[in-house]
Amino acid sequence: MKKIYRVKKNNEIKDIIDNKKFFSNKYFTVYKMNNLKTTHFRYAINVGKKIGKAHIRNRIKRQITSIIDNLNININNNIDIFIIVRPSIINIDYSNMTKELKYLLKKQGILEEKTSE
């Protein structure tokens, strides 16, 4: 995933949270904000220290980045996403993580439904 797809600045993340459009489940909280300044979606991931040591947090971030990279063609443009990972994420595997995150992104209207032609 290229760096242009990341939300890097704290004030931009604060703006996404202040927008107050979010859905959550047992494993994730996903905030979204429409951003007409960019021509592509951007995302940020937050994995807190309660989840584990640095190598565990980095593994989870890499897995979520991989999930987003695989869903890249289906994600609407002009949207900023902020994903907060909850401590119960430790108990699930990659396929369930994908399913849960995909469900929240569809619920938010971030994922486009592909129609078969």
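Heads up: the structure comes first, above all this text.
As the structure is a prediction and not an experimental result, all values here were calculated from the model.

Asks: Could you clarify how one ought to interpret the packing of aromatic side chains in this entry?
Replies: Working definition: an aromatic ring pair is given by the centre-to-centre distance plus the angle between the planes. Here the structure, examined in full by the defined rule, presents three aromatic pairs. Ring centres of F41 and Y43 lie 6.4 Å apart, and the angle between their planes is 25°; this geometry places the pair in the stacked category. For F41, a relative accessible area of 1% corresponds to the buried category. An aromatic cluster is present here, built from F22, Y31 and F82 joined pairwise through their rings.

Asks: Which parts of the structure should I look at to understand the pattern of salt bridges?
Replies: If the charged atoms of two oppositely charged side chains come close together, the side chains can form a pair. Applying the stated criterion across every chain yields a total of three salt bridges. Its salt-bridge partner being E12, residue R42 comes within 3.5 Å of it at the nearest N-O pair. One end of the pair, R42, is in strand β3 (residues 42-47); the other, E12, is in helix α1 (residues 10-18), and 30 residues separate them in sequence. A residue is classified by how much of its surface remains accessible, and R42, at 11% relative accessible area, is buried. Note that R42 is salt-bridged to D80, the shortest N-O span being 3.0 Å. Of this pair, R42 sits in strand β3 while D80 sits in strand β4 (residues 79-85); the two residues are 38 residues apart in sequence, bridging distant segments of the chain. Linked through salt bridges whose partners overlap, the residues forming this network are E12, R42 and D80.

Calculation rules
- Throughout, residues of each chain are indexed from 1 in the direction in which the sequence is written.
- It should be noted that, the model being predicted, local features are given only for residues of pLDDT at least 70 and side-chain atom pairs only at 80 or more, the latter also being counted only at that level, while totals for whole chains, interfaces and linings use all residues.
- In computing side-chain properties, one takes all heavy atoms of the structure into account and sets aside hydrogens as well as water.
- The criterion for an aromatic pair is that two Phe, Tyr or Trp rings (for Trp, the six-membered ring) have centres within 6.5 Å, with stacked assigned to planes under 30 degrees apart, edge-to-face to planes over 60 apart and tilted to the rest.
- Each residue is placed in one exposure class: buried if its accessible area under a 1.4 Å probe, protein chains only, is under 20% of its type's maximum, exposed if it is over 50%, and partly exposed if it falls in between.
- Criterion for a salt bridge: a side-chain nitrogen of Lys or Arg within 4 Å of a carboxyl oxygen of Asp or Glu.
- Secondary structure elements are defined from DSSP: runs of H or I of at least 4 residues count as helices, runs of E of at least 2 residues count as strands, and each element is numbered from the N terminus.

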